[in-house]
Amino acid sequence: MGASVAAALVKLGKTVVVLDAGKRGHDAGSSHGHARVMRTLSSEARIFPETAEASLKMMQRMETKAGQIVRKMPAMFIMKTDSRGYRDLRSASVEELTAVRVRTKYGFHMASDEVGLVDNGAAVFDPDMVLKRFYEVIGNAGEPVRFNCQVVKWRHDADSVTVTTGNDASLHAKQLVMATGGWTPELVRLGDLDPDVAHSLGDSMSLLRVPVYFFRYPADMPDVIPITLFSNGEIDMYAMPEYRPGGRKLLKVGFHRGDRIEHPSSVDPTGEDEKRHAKRYMEDRLSRKLGPCNATVCLYAKTKSDLPLVGRVPKTKNVFVSTYGGGNCAKHAPALGDALSYLMQSPHDLSEFSPLLALDRP
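Criteria and thresholds
Residues numbered from 1 in each chain as written. Predicted model: local features only at pLDDT ≥ 70, side-chain atom pairs only at ≥ 80, totals over all residues. Heavy atoms only, no water. Pairing = 2+ DSSP bridges. Helix = DSSP H or I, 4+ residues; strand = E, 2+ residues; numbered from the N terminus. Axes fitted to C-alpha atoms, helices over the stretch in contact; angles between N-to-C directions. 1 Å grid on protein atoms, 1.4 Å probe; cavity = no way out; pocket = protein on both sides within 12 Å on 5 of 7 lines; lining within 4 Å. Points joined across faces, edges and corners; volume = space filled by probe spheres on them. Left-handed = near helix turned anticlockwise from the far one by under 90°. Contact = heavy atoms within 4.5 Å. pLDDT = per-residue confidence, 0-100. Core = buried A, V, L, I, M, F, W, Y, C linked by side-chain atoms within 4.5 Å. Buried < 20%, exposed > 50% of the residue type's maximum accessible area, 1.4 Å probe, protein only. Bend = angle between axes of the 7 residues up to and from the residue. Phe/Tyr/Trp six-rings, centres within 6.5 Å; stacked < 30°, edge-to-face > 60°. Lys NZ or Arg CZ within 6 Å of the ring centre and 35° of its normal. Expected span 1.5 Å × (residues − 1). Arc of directions from axis to C-beta. Salt bridge = Lys/Arg side-chain N within 4 Å of Asp/Glu carboxyl O.

**Some details on the sheet that holds strand S7 (residues 151–156)**
So, step 1. Ordered in space as S7-S8-S9, the 3 strands form an open sheet in which the pairing is antiparallel. A single partner strand is all that each edge strand has here, and the edge strands are S7 and strand S9 (170–173). Taking each pair of neighbouring strands and ignoring which way they run, the sheet shows an average axis angle of 15 degrees.

**A word on the layout of surface pockets**
It is the rolling of a water-molecule-sized probe over the atoms that shows where space remains empty.
So, step 1. Each pocket or cavity is described by its volume, and for the second largest pocket that value is around 650 Å³.
So, step 2. Listing elements by their share of the lining of the second largest pocket, those giving two or more residues are strand S1 (36–38), strand S11 (205–216), strand S13 (235–243), strand S16 (294–303) and helix H9 (328–343).

**Describing the packing of helix H1 (residues 2–11) against helix H5 (residues 127–140)**
So, step 1. Look at H1 against H5: their axes get within 9 Å of each other, and the N-to-C directions meet at 35 degrees. For H1 against H5, the interelement crossing comes out left-handed. Facing H1, whose interface residues are Ala3, Ser4, Ala6, Ala7, Val10 and Lys11, H5 presents Leu131, Phe134, Tyr135, Val137 and Ile138.

**Quick notes on the confidence of the model for the chain**
So, step 1. With 96% of its residues at a pLDDT of 70 or more, the chain has an overall mean of 90.
So, step 2. Per-residue pLDDT, averaged within each element of the chain, yields its smallest value for helix H7 (residues 195–203) (86) and its largest for strand S8 (residues 161–165) (97).

**Here we look at the nonpolar core**
So, step 1. Within the largest apolar cluster, 28 residues are counted, with the highest numbers of intra-cluster contacts made by Phe77, Met79, Leu117, Ile225 and Ile227.
So, step 2. Excluding residues that lie within four positions of it along the chain, isoleucine 225 makes contacts with Val37, Met73, Pro74, Ala75, Met76, Ala122, Ala123, Val124, Ala239 and Met240.
So, step 3. Among the nonpolar cores identified, the runner-up in size contains 27 residues, and Val70, Phe134, Phe320 and Ala330 belong to it.

**Digging into H9**
So, step 1. Its maximal kink placed at proline 334, H9 deviates by approximately 55 degrees.
So, step 2. Buried residues dominate H9, accounting for 12 of its 16 residues.
So, step 3. When H9 is considered as a whole, its buried residues turn out to be Asn328, Cys329, Ala330, Lys331, His332, Ala333, Pro334, Ala335, Leu336, Gly337, Leu340 and Ser341.

**Considering the packing of aromatic side chains**
So, step 1. All chains considered together, the criterion is met by 3 aromatic pairs.
So, step 2. For the pair tyrosine 135 and phenylalanine 147, a centre-to-centre distance of 5.5 Å together with 85 degrees between the ring planes defines the contact as edge-to-face. Here phenylalanine 147 lies in the loop between H5 and S7 and tyrosine 135 lies in helix H5, a separation of 12 residues in the sequence.
So, step 3. Grouping aromatic residues by their ring pairs yields a cluster made of Tyr213, Phe255 and Tyr281.
So, step 4. The lysine or arginine in question, lysine 249, covers the ring of tyrosine 217, its NZ or CZ lying 4.2 Å from the ring centre.
So, step 5. The lysine or arginine in question, arginine 257, covers the ring of tyrosine 281, its NZ or CZ lying 5.1 Å from the ring centre.

**Quick look at the environment of glutamate 53**
So, step 1. Within the fold, glutamate 53 resides in helix H2 (residues 48–62).
So, step 2. Taking the relative accessible area as the measure of exposure, glutamate 53 reaches 43% and is therefore partly exposed.
So, step 3. When the C-alpha positions of glutamate 53 and arginine 39 are compared, they lie 8.6 Å apart, and in sequence the two are 14 residues distant.

**Quick notes on H2**
So, step 1. With 15 residues, H2 ought to run about 21 Å at 1.5 Å a step, and its terminal C-alpha atoms sit 21 Å apart, in line with that.
So, step 2. Of all the residues in H2, the buried ones are Phe48, Thr51, Ala52, Ser55, Leu56, Met58, Met59 and Met62. Buried positions in H2, seen along its axis, are confined to an arc of 165 degrees and lie on one side of it. Residues of H2 that are exposed and point more than 90 degrees away from the buried face comprise Glu50 and Arg61.
So, step 3. Buried residues in H2 make contact with S1, strand S2 (70–72), strand S6 (123–125), H5 and H9.

**Observations regarding the side chain of serine 341**
So, step 1. Mapped onto the secondary structure, serine 341 falls in helix H9.
So, step 2. A residue is classified by how much of its surface remains accessible, and serine 341, at 0% relative accessible area, is buried.

**Notes on the pattern of salt bridges**
So, step 1. Counting across every chain of the model gives 16 salt bridges.
So, step 2. With a closest N to O distance of 3.1 Å, arginine 285 and glutamate 114 form a salt bridge. Of the two residues, arginine 285 sits in helix H8 (residues 272–286) while glutamate 114 sits in strand S5 (residues 114–119), which places them 171 residues apart along the sequence. A single burial state applies to arginine 285 and to glutamate 114, both of which are buried.
So, step 3. Aspartate 273 serves as the salt-bridge partner of arginine 276, at 2.3 Å between the closest nitrogen and oxygen. Here arginine 276 pairs with aspartate 273, and both are found in helix H8, just 3 residues apart, close to one helical turn.

Following this line, the structure appears as structure tokens:
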């Protein structure tokens, strides 16, 4: 989210300085690695199909050859016919497959009361490659991203912001964007925001530990993105092909059943019991044996609405936020970064429209 905003600002002729507390290529967020889902069928927000399509086109323009970053691939949403997800997602324009048809076409096992809704506009993209393209844009305009650069405090006034880093260096700028995922509440506390705004912003966010598993991709399984939904319409599990550099192809599986954690640094590694459960689940769904399982943990930073926060921070003139939204940020980041870059140039105070104000509403 931060790199997308910075790259968009550079294209508008602005000078940017990007600070990242981690090392280059770190895996502290949910948007690292080589495979994320880009889907247009969505129950989270009405605008998501539009921002997904815009981001997809922007990613395709980053490619030096077709398929380098984006691979078009159908996503299949699997849910029970009496669930909220089915009521929210079904429409005349969505292909609907019975359990028998899904098993025949994709080799994926479903219960008789489940149905598959196919998103033919979906894709798998490589976030690592997208980040590299953003970094190139940023670096070509001047200063490259400063990695391992810890912010210890910041303040804002009517005309500028000042950010102090760990080596006591102070940076002065006209505007500040906080695009820090799970570290946003901590960064809020380091600043001089209005106490009510800081409290609202910090308390609106939570962190979720999401286990992610990797198997050798089954040779006879077609390229498809299966996504199972809970009865309330929220995502239970996703799987997709991940194309590693060098041509290796894996099956990436993530479960949204992880525990809530207090701080990004408290993420526990994936245990052997979790690995065994994930393997059994996927073998049952695929009706085939899978090889050894490697695992990692994804950090999801979530809001109450599970939507990204993009806009000016209330009671400030020059502090913006572009962060959170569970796993939704990565797939929409190019479009949202572009939108925020234009919003930042507005001479009008649009803080009354900030998404932060809606966080405490029913």
